[in-house]
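# Observations on chain architecture
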Amino acid sequence: MRFVSRIMLGVVAALLVALIAPAAANATAGGTASETRSYYVSWGPYDSTDHKAEASGHVAVDKKRVKHWYVKWVPVKKRVCWEDRKGHKHCKWVVKKIKKHVWQWRYDHSYTVRSTLSNHKWWGQNKCAWETFKVVREDGSSYVERFRNCDRHPRRFSFHATDVDHIYVDVSRGGRHHPTGHHSGWQDVFHAGA
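This structure is a prediction, so every number in the text was calculated from the model and none was measured.

In this section: the overall build of the protein chain. Of the regular secondary structure elements, the protein chain holds one helix and nine strands. For the protein chain, the sequential pattern of α-helices and β-strands runs α-β-β-β-β-β-β-β-β-β. Scored against the burial criterion, the 194 residues of the protein chain give a buried share of 24%. Within the protein chain, residue pairs in contact and separated by at least 24 positions form 63% of the contacts whose partners lie at least 6 positions apart. Taken as a whole, the protein chain presents about 13500 Å² of accessible surface, with 54% of it coming from carbon and sulfur.

If you want it as structure tokens, here you go:
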């Protein structure tokens with residue numbers, strides 16, 4: 001009787017471990033998958049050369065840990081058998097590559113650039129303050145984001161970016177449609193390697 005009760009206890013313990021272990025593993029994997037870290041980098045103030053336009057702000061960087069799935073070719077030994085004309089069976093080991101879906105932890109970065117653009121001359125010709133952001137991506141390509149303020153009160157702007165290597169800003173003066181002069185030149189806002 002004692003032998004049977006020990007076997008039953010072992011079976012019950014094995015079942016409990018089989019049920020609880022996957023749930024615990026999923027709970028820990030899910031907890032690390034949503035891990036996000038954020039930090040801020042301030043920039044500015046930068047002025048146009050006539051000091052009638054001023055921009056400053058910060059960059060919010062969100063670093064999120066995610067699973068990245070990809071296909072990996074894995075060599076696998078497989079035994080291949082055949083029969084010859086006389087009915088004798090022959091076998092040999094053949095190495096084949098099979099597709100396997102695997103994952104690894106990677107970090108995705110997203111960037112939110114926030115700025116405050118002040119206009120110290122909101123009347124007459126070229127009455128607008130302009131800020132032009134140049135975003136250089138990790139692959140070397142780039143694009144610009146442009147904002148203007150033609151009012152006497154400071155205005156706040158923001159935009160989002162991904163795969164960023166460097167962000168610059170040029171503060172200038174201009175009309176309602178485009179900047180015309182007094183460029184500050186490209187000033188540093190954010191550098192991913194720093």
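What follows is about the environment of His-183. Tracing the sequence through the fold places His-183 in the loop between strand E8 (179-181) and strand E9 (187-191). When its relative accessible area of 39% is taken as the criterion, His-183 is described as partly exposed. Considering only alpha carbons, one finds His-183 and Arg-173, ten residues apart in sequence, at a separation of 7.2 Å. His-183 has contacts with Thr-49, Asp-170, Val-171 and Ser-172, leaving out every residue within four places of it along the chain. There is a polar contact of 2.7 Å between the side chain of His-183 and the side chain of Asp-170.

A separate point is the confidence of the model for the protein chain. With 82% of its residues at a pLDDT of at least 70, the protein chain reaches an overall mean of 84. This model gives residues 21-33 a pLDDT under 50, and the stretch forms six contacts once residues within four places in sequence are excluded.

Let us look at the sheet that holds strand E6 (residues 155-162). Reading across from one edge, E1-E2-E3-E6 is the order of the four strands in this open sheet, with antiparallel pairing throughout. Of all the strands in the sheet, just strand E1 (36-47) and E6 have a single pairing partner and so form its edges. On average, each strand axis in the sheet is inclined to that of its neighbour by 20 degrees, with strand direction left out of account. Relative to strand E3 (residues 89-119), strand E2 (residues 53-83) runs antiparallel, the two sharing 31 bridges. When the bridges of E3 are listed, Val-80 appears paired with Lys-92.

Each value, and the rule that gives it
Residues numbered from 1 in each chain as written. Predicted model: local features only at pLDDT ≥ 70, side-chain atom pairs only at ≥ 80, totals over all residues. Heavy atoms only, no water. Helix = DSSP H or I, 4+ residues; strand = E, 2+ residues; numbered from the N terminus. Buried < 20%, exposed > 50% of the residue type's maximum accessible area, 1.4 Å probe, protein only. Contact = heavy atoms within 4.5 Å. Areas by Shrake-Rupley, 256 points an atom, 1.4 Å probe, with all protein chains shown as cover. Polar contact = N/O pair within 3.5 Å; in protein donor to acceptor, adjacent residues only side chain to side chain. pLDDT = per-residue confidence, 0-100. Pairing = 2+ DSSP bridges. Axes fitted to C-alpha atoms, helices over the stretch in contact; angles between N-to-C directions.

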